[in-house]
Amino acid sequence: AAQRRWMLPLPPAAVELYCKVAQKFGVTPTQLAIALCASREFVTSTIIGATQLTQLAEDLQGFSVDWTQEMEDEVMKVYEQYPDPWRVQVAGMG
């Protein structure tokens, strides 16, 4: 059931748009996500989950990304289109 949820048309479309946003700003999707977390003053820690040194290097670079209003606007455009693409859309579950 969980795998079917990932295969719905909404999650891949949302991921594709976030990847395009990252590309527009010259960062990886991982770095975009980490920069977004770091831009939120209420987030006190960000779990990165790197298992390889190359992943760790990419993750750490995300904390150096200067979050701009343009980035915020682009991310919000995607979010407004896909506010919760993984949410189960069945009776009684959301």
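All of these numbers come straight from a predicted model, not from anything done at the bench.

Some thoughts on the overall build of the chain
1) Next: When its secondary structure is counted, the chain shows five helices and zero strands.
2) Next: In the chain, the succession of α and β elements from N to C terminus is α-α-α-α-α.
3) Next: Scored against the burial criterion, the 94 residues of the chain give a buried share of 20%.
4) Next: Counting only contacts in the chain whose residues sit at least 6 apart along the sequence, the fraction spanning at least 24 positions is 70%.
5) Next: Carbon and sulfur atoms make up 58% of the accessible area of the chain, which totals about 6,800 Å².

What to know about the pattern of salt bridges
1) Next: Per the counting criterion, the structure on display carries five salt bridges.
2) Next: Each member of the salt-bridge network shares a partner with another, and the members are K24, E70, E74 and K77.

Let's talk about the environment of C19
1) Next: Looking at the element boundaries, C19 is found in helix α2 (residues 10-24).
2) Next: Judged by its relative accessible area of 32%, C19 is partly exposed.
3) Next: Along the backbone, C19 and L32 are 13 residues apart, and their C-alpha atoms lie at a distance of 8.7 Å.

As for the side chain of D59
1) Next: In this fold, D59 is placed in helix α4 (residues 53-62).
2) Next: Put simply, D59 is tucked away with no salt bridge, and the nearest opposite charge, on R40, sits 18 Å away.
3) Next: Leave out the neighbours within four places in its chain, and D59 touches T30, I34, I48 and A50.

Structural notes on the environment of A22
1) Next: Along the chain, A22 turns up in helix α2.
2) Next: Aside from chain neighbours lying at most four places away, what touches A22 is V27, T28, P29 and L32.

A short note on the nonpolar core
1) Next: In terms of nonpolar packing, the biggest core is built from eleven residues, these being A14, V21, A22, V27, L32, A35, V65, M71, V75, V78 and Y82.
2) Next: Taken together, the elements giving at least two residues each to this core come down to α2, α3 (29-39) and α5 (69-81).
3) Next: Setting aside chain neighbours within four positions, we find A35 in contact with G62, V65 and W67.

Section: a nonpolar patch on the surface
1) Next: Among the surface-exposed residues, L53, L56, L60 and F63 lie close enough to one another that they form a single nonpolar patch of about 390 Å² accessible area.
2) Next: Tracing the backbone through its elements, the reader meets L53 in helix α4.

A look at α2
1) Next: With 15 residues, α2 should reach 21 Å at 1.5 Å per residue; the first-to-last C-alpha distance of 21 Å fits that figure.
2) Next: Within α2 the residues assigned to the buried category are P11, A14, V21 and A22. Projected down its long axis, α2 carries its buried residues within an arc of 100°, all on one side.
3) Next: At the C-terminal side of α2, G26 shows a positive phi close to 70°.

Basis of the calculations
Residues numbered from 1 in each chain as written. Predicted model: local features only at pLDDT ≥ 70, side-chain atom pairs only at ≥ 80, totals over all residues. Heavy atoms only, no water. Helix = DSSP H or I, 4+ residues; strand = E, 2+ residues; numbered from the N terminus. Buried < 20%, exposed > 50% of the residue type's maximum accessible area, 1.4 Å probe, protein only. Contact = heavy atoms within 4.5 Å. Areas by Shrake-Rupley, 256 points an atom, 1.4 Å probe, with all protein chains shown as cover. Salt bridge = Lys/Arg side-chain N within 4 Å of Asp/Glu carboxyl O. Lys, Arg positive; Asp, Glu negative; His and termini not counted. Core = buried A, V, L, I, M, F, W, Y, C linked by side-chain atoms within 4.5 Å. Patch = residues over 30% accessible without salt bridge, like charges linked within 9 Å, V, L, I, M, F, W, Y side chains within 5 Å. Expected span 1.5 Å × (residues − 1). Arc of directions from axis to C-beta.

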